[in-house]
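Fold and contact review
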Amino acid sequence: MNRTQLKRSRILRMALTDTDAMDQDTKGEPFILRAIKIALVVALYWFVSITMVFINNYLLDSKELDAPLFVTFFQCVISVCLCWLMNIFSKLWPGYVDFPSIKLDLKVSREILPLSVVFIAMITFNNLCLKNVGVAFYTVGRSLSTVFNVLLSYVILKQTTSLYALLCCGVILGGFWLGVDQEGEAGSLSWSGVIFGVIASACVSLNAIYTKKVMPVVDGSIWKLSYYNNLNACVLFIPLLVLFGELGHVAGFSRLGDLHFWGMMVIGGMFGFAIGYVTGLQIKYTSPLTHNVSGTAKACAQTVLAVAYYATSKSLLWWTSNLMVLGGSFAYTWVKGLEMKKTQVPEDSSSTEEKQSREDSGV
């Protein structure tokens, strides 16, 4: 029973919060140099993440082309092409480009297929939420990922959550409902966007859990996983494009020959590919906990930028809802970080005892 509980705890920790420490190479560097590197990496993460959201909003908000699935499909195609390009560069300049060797393996593709279905749902509903609620309300509309982490960890992994973490989730839920209420008061509420945001939040949590389950299939390489995920998505999107009639919308699009439009589509796909790299880079140079805090602060900056850029006026309660969501998310990250530190030593001890027991029994 204890061994089963330990295994579940490890799976949850892998799925919802990674535990890798800062790279050992940076420990011998001067503090100033290390601080500059961290600042540049965090700034790069903020730039890529915020720019990607605004570009996607621009593409999805087009009045002439109502084809969110096609936009998402095209970004997956760009990601697959970039994976192949990076694979070629790594072979031409192995000392400068570090990228795993990739090839088409149908067996691996089939094993990753369940994750790809969740991945498609996640990016599709994510874009549909952004299309309907806009950038300013996007943070609140997609704020329930943490709540679903707690819920799914209990339903799937039978892992309980502490009272303090549940209280943080309560604050997030309160901020979410207050935000919905204030959007309604302002007359800008999109219920479809809210529903898409809730589904997207659930898919984000499911994606995190299933990602860790299939990582051994791709030898633990996040880039190989990204390649197969996007490759499967390209195939799975085709019947969806036909089913929802988006191919007809694209064929009748007046700007089909506009280089500016296709340039923005390509740039959006490149930023979608780059976000995976800069996320890993930020975790490498800081920590998973700092990455989550940085993501929360980035969401706050993104909301302020959106309100200023689109010159919209928001009420005090609307801003309060955002602060509740961001504050609850930050508090949850902090509480889970403390809990991980407390449980890491006992679990490491349990792992040592389990290994010793196996050695004693000759296993």
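Only a predicted model underlies this, so the values are computations on that prediction, with no experimental measurement involved.

Re the overall build of the protein chain
Helix and strand content of the protein chain: 13 helices and zero strands. For the protein chain, the sequential pattern of α-helices and β-strands runs α-α-α-α-α-α-α-α-α-α-α-α-α. Considering the protein chain as a whole, with its 363 residues, one finds that 45% of them fall into the buried category. Accessible surface for the protein chain amounts to roughly 19100 Å². Of this, 67% is attributable to carbon and sulfur atoms.

Quick word on the environment of Q282
Tracing the sequence through the fold places Q282 in helix α11 (residues 259-285). Sequence-wise, Q282 and V42 are 240 residues apart; in three dimensions their C-alpha atoms are separated by 6.1 Å. Not counting residues up to four positions away in its chain, the partners in contact with Q282 are V41, V42, Y45, S287, H291 and S294.

Some words on unusual backbone geometry
Negative phi characterises most residues that are not glycine, and trans characterises most peptide bonds. The phi angle at D219 is positive, at roughly 60°, despite the residue not being glycine. Judged by relative accessible area, which is 64%, D219 ranks as exposed. With phi around 50°, A311 is a residue other than glycine that occupies positive phi space. With respect to the element layout, A311 can be found in the loop between α12 (288-309) and α13 (316-361).

Overview of the packing of helix α4 (residues 106-133) against helix α9 (residues 222-243)
One can describe the packing of α4 onto α9 by two numbers: an axis separation of 8 Å at closest approach and a directional angle of 70°. The angle between α4 and α9 places the two elements in the roughly perpendicular class. Pair α4 / α9 crosses with right-handed handedness. The residues of α9 that touch α4, namely those facing V108, S109, I112, L113, L115, S116, V117, F119, I120, I123 and T124, are L225, Y228, N229, N230, N232, A233, L236, F237 and L240. The class makeup of the residues in the contact of α4 with α9 is 14 nonpolar, six polar and no charged.

Digging into the packing of helix α3 (residues 68-92) against α11
At a minimum axis separation of 8 Å, α3 and α11 run at an interaxial angle of 65°. Between α3 and α11 lies a crossing whose hand is right-handed. In this structure, α3 uses F70, V71, F74, Q75, I78, S79, L82, C83 and M86 to contact α11, whose residues at the interface are W262, M265, V266, G268, G269, M270 and F273.

Focus: the side chain of Q282
Judged by its relative accessible area of 0%, Q282 falls in the buried class. There is a polar contact of 2.9 Å between the side chain of Q282 and the side chain of S294.

Observations regarding the pattern of salt bridges
Evaluated as defined, the whole model comprises five salt bridges. Linking D66 and K131 is a salt bridge whose minimum nitrogen-to-oxygen distance equals 3.4 Å. Linking D66 in the loop between α2 (31-60) and α3 with K131 in helix α4, this pair joins segments that are 65 residues apart in sequence. Using a relative accessible area of 43% as the deciding quantity, one classes D66 as partly exposed. Accessibility expressed as a relative area gives 22% for K131, which makes it partly exposed.

Re the packing of aromatic side chains
For the structure shown, the criterion picks out 20 aromatic pairs. Taking 5.4 Å as the distance between ring centres and 50° as the angle between the ring planes, the aromatic pair formed by F74 and W262 counts as tilted. Here F74 is found in helix α3, whereas its partner W262 is found in helix α11, with 188 residues between them in sequence. With relative accessibility at 23%, the residue W262 sits in the partly exposed group. Relative to F273, the ring of W223 lies with its centre 5.1 Å away and its plane at 35°, an arrangement referred to as tilted. Of this pair, W223 sits in helix α9 while F273 sits in helix α11, placing them 50 residues apart in sequence. Accessibility assignment for this pair places W223 and F273 in one class, buried.

With respect to the state of the cysteines
Scanning the model with the defined rule gives zero disulfides in all. You can see C81 has no disulfide; the closest cysteine sulfur is in C234, sitting 7.9 Å from it. The cysteine C83 is free of any disulfide, with C81 supplying the nearest cysteine sulfur at 9.3 Å.

What about the confidence of the model for the protein chain?
As a note on interpretation, predicted positions should not be read in detail where pLDDT is low. Averaged over every residue, the pLDDT of the protein chain is 83; the share at 70 or more is 87%. Between residues 1-23, whose pLDDT stays under 50, and residues either more than four places distant or in other chains, the model counts 42 contacts.

A short note on the side chain of K298
If you trace the backbone, K298 turns up in helix α12. Buried and unpaired, K298 has E183 as its nearest opposite-charge partner, separated by 17 Å. Polar contacts involving the side chain of K298 include one to the side chain of S49, which spans 3.0 Å. K298 has contacts with Y45, W46, S49 and I50, leaving out every residue within four places of it along the chain.

Definitions and cut-offs
- Residues numbered from 1 in each chain as written.
- Predicted model: local features only at pLDDT ≥ 70, side-chain atom pairs only at ≥ 80, totals over all residues.
- Heavy atoms only, no water.
- Helix = DSSP H or I, 4+ residues; strand = E, 2+ residues; numbered from the N terminus.
- Buried < 20%, exposed > 50% of the residue type's maximum accessible area, 1.4 Å probe, protein only.
- Areas by Shrake-Rupley, 256 points an atom, 1.4 Å probe, with all protein chains shown as cover.
- Contact = heavy atoms within 4.5 Å.
- Axes fitted to C-alpha atoms, helices over the stretch in contact; angles between N-to-C directions.
- Parallel < 35°, antiparallel > 145°, perpendicular 65-115°, else oblique.
- Left-handed = near helix turned anticlockwise from the far one by under 90°.
- Nonpolar A, V, L, I, M, F, W, Y, C, P; charged D, E, K, R; others polar.
- Polar contact = N/O pair within 3.5 Å; in protein donor to acceptor, adjacent residues only side chain to side chain.
- Salt bridge = Lys/Arg side-chain N within 4 Å of Asp/Glu carboxyl O.
- Phe/Tyr/Trp six-rings, centres within 6.5 Å; stacked < 30°, edge-to-face > 60°.
- Disulfide = S-S within 2.5 Å.
- pLDDT = per-residue confidence, 0-100.
- Lys, Arg positive; Asp, Glu negative; His and termini not counted.

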